[in-house]
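Chain by chain, the residues run as shown.
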Amino acid sequence: MPGFELFSDAERNEVNDVLDNGVLMRYGFDGMRKGHWKAKELESELCTAFKTNHVQLVSSGTAAVSVALASAGVGAGDEVIMPSFTFVASFEAIMMLGAIPVLVDIDDTLCLDSKAVERAITEKTKAVMVVQMCGSMGDMDAIQAVCNKHNLLLIEDACQAIGGTYKNKPLGSIGDLGCFSFDFVKTITCGEGGAVITNNEQYYINADHYSDHGHDHIGSDRGAETHPFLGYNFRISELHAAVGLAQVRRLPEFLDIQKKHFEILRQELSKISEMEFRSVPEGGVESCAFLNFFLPDTETALKVSKAFGENGIDACWNYYNNNWHYIRKWHHLKDAKSLYPLSYEIKAALEKLKTQDFSQSDHYIGRNISCLIKLSWTEAEVKERAEKMKSIIETVI
Ligand SMILES: *Cc1c(COP(=O)(O)O)cnc(C)c1O
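Residues numbered from 1 in each chain as written. Predicted model: local features only at pLDDT ≥ 70, side-chain atom pairs only at ≥ 80, totals over all residues. Heavy atoms only, no water.

Draft legend 1. Layout of the sheet that holds strand E11 (residues 284–285). A sheet is described by the order of its strands in space; here three strands give the open sequence E7-E6-E11, paired in antiparallel fashion. Of all the strands in the sheet, the pair left with one neighbour each is strand E7 (169–170) and E11. Examined bridge by bridge, strand E6 (residues 165–166) and E7 share two bridges and lie antiparallel to one another. Residue pairing in the sheet places Tyr-166 in a bridge with Lys-169 of E7. (Pairing = 2+ DSSP bridges. Helix = DSSP H or I, 4+ residues; strand = E, 2+ residues; numbered from the N terminus.)

Draft legend 2. Main features of the site of the ligand. As a structural note, the neighbourhood of the ligand is formed by 13 residues, with Gly-61, Thr-62, Ser-181, Asp-183 and Lys-186 the closest of them. Asp-183 is positioned such that a nitrogen or oxygen atom in its side chain is 2.7 Å from an oxygen atom of the ligand. Contacts to the ligand include Lys-186, whose side-chain N or O atom sits 3.2 Å from an oxygen atom. Its residues assigned to classes, the shell around the ligand shows four nonpolar, six polar and three charged. (Near = heavy atom within 4 Å. Polar contact = N/O pair within 3.5 Å; in protein donor to acceptor, adjacent residues only side chain to side chain. Nonpolar A, V, L, I, M, F, W, Y, C, P; charged D, E, K, R; others polar.)

Draft legend 3. Spatial organisation of the domain arrangement of the protein chain. Partitioning the protein chain into domains gives domain 1 (3–250) and domain 2 (253–396). Computed over C-alpha atoms only, the centres of domain 1 and domain 2 are separated by 24 Å. Across the contact, 46 residues belong to domain 1 and 47 residues belong to domain 2. A buried area of about 3700 Å², summed over both sides, lies between domain 1 and domain 2, and 62% of it is on carbon and sulfur atoms. Per-residue buried area on domain 1 facing domain 2 is highest for Glu-5, Leu-103 and Arg-250; these three make up 15% of the total on that side. Along the contact surface separating domain 1 from domain 2 lie two salt bridges. With its nearest N and O atoms 3.4 Å apart, the salt bridge here joins Arg-250 to Glu-253. The tally of links from domain 1 across to domain 2 stands at 21 residue pairs in polar contact (both at pLDDT 80 or more). The greatest single-element share of the side of domain 1 that touches domain 2, amounting to four residues, is contributed by strand E3 (residues 100–104). Counted by class, the side of domain 1 that touches domain 2 contains 21 nonpolar, 15 polar and 10 charged residues. (Domains from an automatic or database assignment. Contact = heavy atoms within 4.5 Å. Buried area = accessible area lost by both parts, 1.4 Å probe. Salt bridge = Lys/Arg side-chain N within 4 Å of Asp/Glu carboxyl O.)

The following block contains the structure:
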């Protein structure tokens, strides 16, 4: 991560194809486009990459999560269980549909704790959203078992874990619906973009219509299409899809580089006996977009994080005081600071977050450091970085 580090002629050529015929829209204009269907081509490449039957491209990862939930019928008053550690997009996507975000603890995988999920289930629970954070995954068998037992949908946000697998299945393809982001800093980028993937044909048809104003996409005259149900506009443009098309073809190359860099760092840091790596469930293979480890306590982790910054080790974070990714500093959420009125049910749920006990999450997030693995480093740079990180950690401990 991120794919923009290695932009090449491949991306430029795909974009130029689109500019040469001038059709920037993914639907219609069949005569003008000289056979170029970048969004369709990218969807087909993603079906192969994620070993899944259907892919619907959308305008962002956040849109992907909303479209996935809507396509499976999640809406007003439905509770969706999500982790305390994720990106703000998770609750935004839920609340946009009038559904209620129910936040629960993570475990040492840095993802949803299946036991916390089970405790949070009520008669209003409709879906569980697992977020595969920082290149790895939750214990999917345990989470799936809870969903099966209580007849709940499983939505998988794999925006940060493209290329990771669980029991040989690509992350994102395990739940009823999976979501990806191709924003500027993800492993593959479109500039802005996202995808919903599913093996359920009806959910796919719903996602296809819903993300384009409810148009049924039957025939070749957009003006004559009917609307089986209401939709919105979450379309991706051909320009964005063109960049993604070049990038997805390079995904294996990006993943190889990530893995190589990850292994060098991990090898060096594993010599420090006081720290542990994040736990990866049995059968899981990380995407290697991040290297995550735990220090003995929060104080040490904060000191290491500060020392990294002061000594030129960039792109490593402790999320305990982070505004974007962790419940502790989501004051705008807990205070329900909305531009427009929220439903009574959503406000009541957000109010509860102020006093909810997240000490289990604090225990993991406080001690964690998450380091982004860059694609553009040279091998010598990664080795030097690994040694420097090790020596900084040893000095602080
Ligand atoms: C990036 C990200 C998103 C949202 O993606 P956008 O394309 O930026 O809207 C959602 N979930 C997670 C975990 C992410 O990292």
